[in-house]
Amino acid sequence: MNVIVEYSRLQTFLNVAMAVVHECRLRCTEDHLRITATDPAQVAQVETTLASDGCESFETDGEVLGINLEKLDDALGFASTGDLVLLELNTETRKLEIEYDGFGYDLGLIDPESIRREPDIAEVDFPARIRVYGHRLERGIKGCDLASDHTRFEADAESGEFRATAEGDTDDVSIRMDSEDLQTDIPEAVSSLFSIGYLTELVDPIENDTEVVVKVGDEFPLTWFYELSEGNVAVTNFLAPRIART
Amino acid sequence: MNVIVEYSRLQTFLNVAMAVVHECRLRCTEDHLRITATDPAQVAQVETTLASDGCESFETDGEVLGINLEKLDDALGFASTGDLVLLELNTETRKLEIEYDGFGYDLGLIDPESIRREPDIAEVDFPARIRVYGHRLERGIKGCDLASDHTRFEADAESGEFRATAEGDTDDVSIRMDSEDLQTDIPEAVSSLFSIGYLTELVDPIENDTEVVVKVGDEFPLTWFYELSEGNVAVTNFLAPRIART
Amino acid sequence: MNVIVEYSRLQTFLNVAMAVVHECRLRCTEDHLRITATDPAQVAQVETTLASDGCESFETDGEVLGINLEKLDDALGFASTGDLVLLELNTETRKLEIEYDGFGYDLGLIDPESIRREPDIAEVDFPARIRVYGHRLERGIKGCDLASDHTRFEADAESGEFRATAEGDTDDVSIRMDSEDLQTDIPEAVSSLFSIGYLTELVDPIENDTEVVVKVGDEFPLTWFYELSEGNVAVTNFLAPRIART
């Protein structure tokens with residue numbers, strides 16, 4: 001592996017994975033770098049891909065590296081937005097050599113076998129599909145957090161609205177997340193309950209004006225997909241539902 | 001009650017009350033919304049008024065609502081400066097329905113009878129009356145906090161100066177709070193001692209260029225009055241003096 | 001002592017001393033104010049000088065004042081950048097009277113004899129001498145902090161490079177601190193180990209574009225010199241080496 005990529009793009013790619021795990025396997029294929037991971041409780045999944053086209057230089061050989069994401073994040077912390085970062089695997093020392101602007105950091109790797117196995121990303125048919133802006137998704141999640149630690153995502157076939165709602169002990173919240181200028185496809189009314197703690201982490205790397213494609217079903221998992229860094233970083237998250245308290 | 005008001009104006013009105021209490025009675029008369037409250041130790045009082053003229057729409061019926069100010073503040077936390085906020089009392093559920101830009105929050109109310117009774121705002125004759133800017137009042141209070149936990153407000157008839165002074169174990173402070181371009185009326189020298197902790201809370205909602213009318217006496221309470229939000233929010237604070245340590 | 005000096009200049013002079021000690025002796029000679037101090041563990045030294053030419057008004061009489069730097073810093077905390085600060089010794093009360101813009105603070109002094117004696121600033125011949133920018137010195141120190149609590153400063157005679165390096169339990173770092181547009185004079189390769197904790201404190205008052213002259217030797221102390229505030233504040237730091245762990 002010998003990859004040169006702009007700092008801010010690399011950081012975007014890694015941030016998405018850090019929302020779910022601290023350690024991960026980094027797969028270096030001929031087309032991309034990819035991290036697929038699930039959190040320790042197996043409730044949330046992430047798949048994040050950095051395309052080779054988004055890199056200045058890209059040579060890989062199918063390596064799988066075990067990475068401590070927080071250490072790597074620290075090592076990149078002195079780079080400026082425009083800096084080009086070289087990532088090179090030293091096969092003798094089994095360290096990942098990171099270089100930018102006179103700054104060299106040799107990161108000790110983890111045995112990939114010691115890291116939790118990557119999840120299968122299931123192909124599921126979702127009945128409803130809604131496009132939302134990042135800032136409205138975030139407002140829905142954080143707004144519900146005021147009243148409860150769970151939020152219900154509701155898609156209404158009649159009104160075409162997509163809402164986050166929560167019922168607390170004293171207060172209730174209902175926040176519209178879809179926008180008039182983005183398409184929705186809601187053939188039937190669906191509704192599922194999710195943990196706000198997980199959603200808060202997953203929504204964090206999304207930018208305000210990012211368009212997110214959310215797919216939901218009735219008492220069903222959700223998945224959402226978005227792109228960052230001019231399409232060079234592609235992200236899919238998957239979240240298991242909670243059982244409604246009755 | 002059905003009131004529509006710009007977010008930043010509503011927030012200004014509430015901030016002033018939050019400096020003194022966490023729970024309060026909100027009185028909805030035909031002219032205004034008003035909160036009058038005293039802190040648990042009964043040392044500081046506040047009266048804050050939001051004029052109906054400062055609202056986009058204003059229908060009230062003499063209601064008295066028991067409000068948890070921190071919950072209400074949280075529920076407004078997703079609004080932007082220009083947002084119009086609808087406050088509507090749902091008389092069936094006894095909840096306050098808050099709405100802005102697709103965000104709906106139903107706030108559970110508190111029984112007003114369970115909240116500390118509102119104080120009588122005493123009509124008192126104060127011998128001295130000084131106009132000061134918010135930023136100079138704040139500097140006087142925080143400056144004295146360096147040396148002591150009490151400050152003496154002194155009005156000097158001869159020099160026309162209004163000062164905050166403090167004597168600590170090792171250091172002394174004296175800070176001029178009046179300004180040359182604002183009127184003072186100090187017919188006799190007066191001086192009173194106050195707790196800096198209370199003053200710090202009370203001065204916090206005041207803006208840097210707000211003109212505050214301060215009335216003081218000799219070993220006497222103080223009161224100050226100011227307006228915010230183009231005169232639509234009017235505030236009176238009242239603070240009891242401490243006994244000088246001798 | 002009766003000195004008038006612009007706030008930001010005075011603050012710059014004091015910040016440098018606060019990086020090493022909390023209490024110090026302030027020497028007021030006819031040419032300057034000077035603080036020379038060593039930290040309690042006697043590992044780091046500072047000498048900081050505020051030139052009389054950098055002051056609006058300067059009358060001194062060889063006084064030596066015992067100062068609590070944090071109290072003095074607090075007392076100056078309400079000044080604005082352009083404010084002129086008057087420092088005047090009241091010989092009767094033995095307090096330092098500080099005044100700016102209506103703000104008066106009488107600072108109790110400490111008996112200078114109760115403060116640790118000033119170190120002798122040794123005249124030492126250093127084999128290597130390098131000029132670096134503040135921001136690159138800081139990056140070298142903070143970068144090494146990721147991997148270890150010690151950093152090795154290395155000057156390489158052949159390449160002319162000046163580097164900070166650290167070897168941690170899992171990771172290694174090497175950061176180039178010199179710049180192509182600044183002179184180095186490295187007649188022989190030298191290398192010494194220093195505590196990052198001390199270096200972090202000493203580098204903090206240096207500004208990004210400040211040119212720092214660093215002198216190093218082999219398993220030897222280092223000294224560095226720089227000027228701030230248009231040359232009116234001159235600073236020398238001295239740091240003892242750590243013994244390499246083997």
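Residues numbered from 1 in each chain as written. Chains lettered and ligands numbered in written order. Predicted model: local features only at pLDDT ≥ 70, side-chain atom pairs only at ≥ 80, totals over all residues. Heavy atoms only, no water.

Labelled according to an unreviewed UniProt entry, chain A appears under the name DNA polymerase sliding clamp, originating from Halogeometricum borinquense. The heading Sequence similarities (unreviewed entry) in the UniProt record of chain A holds the text "Belongs to the PCNA family." Under the UniProt heading Function (unreviewed entry), the entry covering chain A gives this text: "Sliding clamp subunit that acts as a moving platform for DNA processing. Responsible for tethering the catalytic subunit of DNA polymerase and other proteins to DNA during high-speed replication." (UniProt positions renumbered as here; feature names shortened; annotations may be inferred.)

1. So, the interface of chain B and chain C
Of the residues lining the interface, 14 residues belong to chain B; the matching set on chain C comes to 14 residues. Roughly 1100 Å² of surface becomes buried between chain B and chain C when both sides are summed, with 47% attributable to carbon and sulfur atoms. The interface formed by chain B and chain C holds 4 salt bridges in total. A salt bridge links B:Asp172 to C:Lys95; its shortest N-O distance comes to 3.5 Å. In this assembly, chain B and chain C are joined by 8 residue pairs in polar contact (both at pLDDT 80 or more). For the side of chain B that touches chain C, the secondary structure elements donating two or more residues are helix H3 (134–144) and strand E13 (172–176) of chain B. For the side of chain B that touches chain C, the leading source of residues is E13(B), giving 5 residues. A per-class count over the side of chain B that touches chain C returns 4 nonpolar, 3 polar and 7 charged. Judged from the 4 bridges that link them, E13(B) and strand E9 (residues 103–108) of chain C form a sheet pairing that is antiparallel. Each bridged residue has a counterpart across the sheet, and for B:Ile175 the counterpart in E9(C) is C:Phe103. (Contact = heavy atoms within 4.5 Å. Buried area = accessible area lost by both parts, 1.4 Å probe. Salt bridge = Lys/Arg side-chain N within 4 Å of Asp/Glu carboxyl O. Polar contact = N/O pair within 3.5 Å; in protein donor to acceptor, adjacent residues only side chain to side chain. Helix = DSSP H or I, 4+ residues; strand = E, 2+ residues; numbered from the N terminus. Nonpolar A, V, L, I, M, F, W, Y, C, P; charged D, E, K, R; others polar. Pairing = 2+ DSSP bridges.)

2. Here we look at the sheet that holds strand E5 (residues 57–59) of chain A
Spatially, 9 strands are ordered E5(A)-E1(A)-E7(A)-E8(A)-E9(A)-E13(C)-E12(C)-E11(C)-E15(C) in an open sheet, and the strand pairing comes out antiparallel. The strands lining the two open edges of the sheet, one partner per strand, are E5 of chain A together with strand E15 (190–195) of chain C. For this sheet, the mean inter-axis angle between neighbouring strands, taken without regard to orientation, is 20 degrees. Two strands pair when backbone bridges link them, and strand E11 (residues 150–155) of chain C and E15(C) are joined in this way by 6 bridges, in the antiparallel orientation. Paired with C:Phe153 across the bridge in E15(C) is C:Ser192. Helix-sheet contacts for helix H3 (residues 134–144) of chain C involve strand E8 (95–100) and strand E9 (103–108) of chain A together with E11, strand E12 (162–167) and strand E13 (172–176) of chain C, and the interaxial angle to E13(C) is about 180 degrees. Where helix H4 (residues 196–203) of chain C meets the sheet, it contacts E11 and E15 of chain C, and its direction lies at approximately 90 degrees from that of E15(C). (Axes fitted to C-alpha atoms, helices over the stretch in contact; angles between N-to-C directions.)

3. Let's talk about the domain arrangement of chain A
Residue and element names in this part refer to chain A. The domain boundaries assigned to chain A delineate domain 1 (2–109) and domain 2 (128–239). Relative to domain 2, the C-alpha centre of domain 1 lies at a distance of 28 Å. Taken together, the 20 residues of domain 1 in the interface contact 16 residues of domain 2. Roughly 1400 Å² is buried in total at the junction of domain 1 and domain 2, and carbon and sulfur atoms are behind 55% of that figure. One can count 1 salt bridge joining domain 1 with domain 2. As a salt-bridge pair, Arg 9 and Glu 230 come within 3.1 Å of each other at their nearest N and O atoms. (Domains from an automatic or database assignment.)

4. Re the relation of the copies chain B and chain C
Under the fitted operation, chain B is carried onto chain C by 0.1 Å of movement along the axis and a turn of 120 degrees, and the coordinates agree to an RMSD of 0.1 Å. The transformation just described matches what one would write down for a three-fold rotation axis. (Least-squares fit on C-alpha atoms with pLDDT ≥ 70 in both.)

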